[in-house]
Amino acid sequence: MKTYGYVRVSSVEQNEDRQLFAMRELNISHENIYIDKQSGKDFNRPQYQTLVKALKNGDLLYIKSIDRLGRNYEEIQSQWRELTKEKGIDIAVIDMPLLDTRLHRDLIGTFISDLVLQVLSFVAHSERENIRQRQAEGIKSARLRGVHLGRPAIKAPENFLEAVREWERGKLTKEAVLTQTGLTESTFYRRYREYKTTRSQS
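Calculation notes
- Residues numbered from 1 in each chain as written.
- Predicted model: local features only at pLDDT ≥ 70, side-chain atom pairs only at ≥ 80, totals over all residues.
- Heavy atoms only, no water.
- Pairing = 2+ DSSP bridges.
- Helix = DSSP H or I, 4+ residues; strand = E, 2+ residues; numbered from the N terminus.
- Axes fitted to C-alpha atoms, helices over the stretch in contact; angles between N-to-C directions.
- Phe/Tyr/Trp six-rings, centres within 6.5 Å; stacked < 30°, edge-to-face > 60°.
- Buried < 20%, exposed > 50% of the residue type's maximum accessible area, 1.4 Å probe, protein only.
- Lys NZ or Arg CZ within 6 Å of the ring centre and 35° of its normal.
- Salt bridge = Lys/Arg side-chain N within 4 Å of Asp/Glu carboxyl O.
- Arc of directions from axis to C-beta.
- Right-handed = clockwise from strand over helix to strand, strands pointing away.
- Parallel < 35°, antiparallel > 145°, perpendicular 65-115°, else oblique.
- Contact = heavy atoms within 4.5 Å.
- Nonpolar A, V, L, I, M, F, W, Y, C, P; charged D, E, K, R; others polar.
- Lys, Arg positive; Asp, Glu negative; His and termini not counted.
- Polar contact = N/O pair within 3.5 Å; in protein donor to acceptor, adjacent residues only side chain to side chain.
- Core = buried A, V, L, I, M, F, W, Y, C linked by side-chain atoms within 4.5 Å.

(A) Representation of the sheet that holds strand β4 (residues 90–93). In space, the four strands of this open sheet follow the order β2-β1-β3-β4, with parallel pairing throughout. Because the sheet does not close on itself, it has two edges, and the strands there are β2 (33–37) and β4. On average, each strand axis in the sheet is inclined to that of its neighbour by 20°, with strand direction left out of account. Bridge count for strand β3 (residues 60–63) against β4 is four bridges, and the pairing is parallel. Along β4, the bridge assignment pairs L60 with D90.

Right, here's the structure in full:
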């Protein structure tokens with residue numbers, strides 16, 4: 001029997017130290033800890049998939065909390081069944097001792113564990129939906145305030161107007177203009193349209 005740990009954070013900016021500390025407290029070897037820095041919306045995560053392939057009947061898997069496994073209600077239920085029933089491994093959720101398949105193997109204990117799993121899976125899923133809603137509301141609010149979202153716009157260089165005038169006179173090719181200004185073709189035409197709009201309004 002081998003003991004494994006699975007750690008997940010939603011992005012590369014987030015810190016996984018708290019989860020790793022919990023795994024090391026359980027003396028799980030470093031090579032048996034799998035880490036994904038990816039959303040929990042589904043289970044198409046490289047390290048998780050590698051972990052599943054490594055798991056064998058009788059192995060033990062630790063996760064810090066159920067939302068680290070995932071945030072999709074139906075998929076959490078499906079993965080839990082696949083791991084425990086089909087692969088025959090045990091799972092222990094560190095933050096929820098009731099979710100430890102090594103304990104309470106009788107009918108009542110199994111019923112309680114399944115119920116707790118369903119409740120926590122629902123909470124994890126609901127929290128993901130709430131996060132998405134807050135993000136959408138934040139984006140909408142920012143747009144209403146006129147806040148620019150996404151990458152900052154690339155400004156036209158100082159020699160832009162001179163290069164454009166030479167291009168309009170046929171003295172420069174488009175390729176030469178792009179080389180002189182350092183702009184991509186799409187950015188050049190975007191700035192050129194803005195220039196024409198400003199010129200027509202003046």
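Moving on from the model shown.
(B) Representation of the packing of aromatic side chains. For the structure shown, the criterion picks out nine aromatic pairs. On the basis of an interplanar angle of 75° and a centroid distance of 5.3 Å, the ring pair of Y6 and Y48 is categorised as edge-to-face. Placement of the pair is Y6 in strand β1 (residues 3–9) and Y48 in helix α2 (residues 46–54), with a sequence separation of 42 residues. Grouping residues by exposure puts Y6 and Y48 together as buried. Lying across the ring of F43, R45 places its NZ or CZ 4.6 Å from the centre. Here R45 stacks its cationic end above the ring of Y48, 5.6 Å away from the centre of that ring.

(C) Quick peek at the pattern of salt bridges. The tally for this structure, following the rule as stated, stands at seven salt bridges. Measuring nitrogen to oxygen at the nearest pair gives 2.8 Å for the salt bridge that ties E194 to R191. One end of the pair, E194, and the other, R191, are both in helix α8 (residues 185–201), three residues apart, so they sit about a helical turn from each other.

(D) Just helix α7 (residues 174–181), in detail. Taken together, the buried positions of α7 are occupied by V177, L178 and T181. In a view along the axis of α7, the buried residues occupy a sector of 100°, so they form one face of it. Two residues or fewer after α7 comes G182, characterised by a positive phi angle close to 75°.

(E) Quick look at the pairing of β3. Going residue by residue along β3, you find L60 and Y62 tucked away on one face and L61 and I63 tucked away on the opposite face as well. The pairing of β1 with β3 spans four bridges and is classified as parallel. Paired with G5 across the two strands is Y62, which belongs to β3.

(F) Representation of the pairing of β1 within the structure. Among the seven residues of β1, six are classified as buried, and the element is accordingly described as predominantly covered. With five bridges joining them, β1 and β2 adopt parallel strand pairing. Among the inter-strand pairings, G5 is bridged to a residue of β2, identified as I33. Remark: the β1/helix α1 (residues 17–25)/β2 crossover connection has right-handed handedness.

(G) Region of the structure containing the packing of helix α6 (residues 160–168) against α7. Close contact between α6 and α7 brings their axes to 10 Å; oriented N to C, the two are set at 170°. Here α7 runs roughly antiparallel to α6, going by the angle between their axes. Contacts between α6 and α7 involve F160, A163 and W167 on the former and, on the latter, K174, V177, Q180 and T181. Residue classes in the contact of α6 with α7 are distributed as four nonpolar, two polar and one charged.

(H) Spatial organisation of the side chain of R45. The residue R45 is located in the loop between β2 and α2 in this model. Buried charge without a salt bridge: R45, with D36 as the nearest opposite-charge side chain at an N-O distance of 5.0 Å. A polar contact is formed between the side chain of R45 and the side chain of Y6, at a distance of 2.9 Å.

(I) How the structure looks around the nonpolar core. Core analysis: the biggest nonpolar cluster contains 19 residues, and L69 and L83 have the highest contact counts within it. Where this core is concerned, the elements lending two or more residues are β1, α2, β3, α3 (66–69), α4 (73–86) and β4. Beyond its immediate stretch of four places on either side in the chain, L83 contacts Y48, V52, L55, L61, G88, I89 and I91. F160, V164, F188 and Y195 belong to the second largest nonpolar core, which has ten residues in total.

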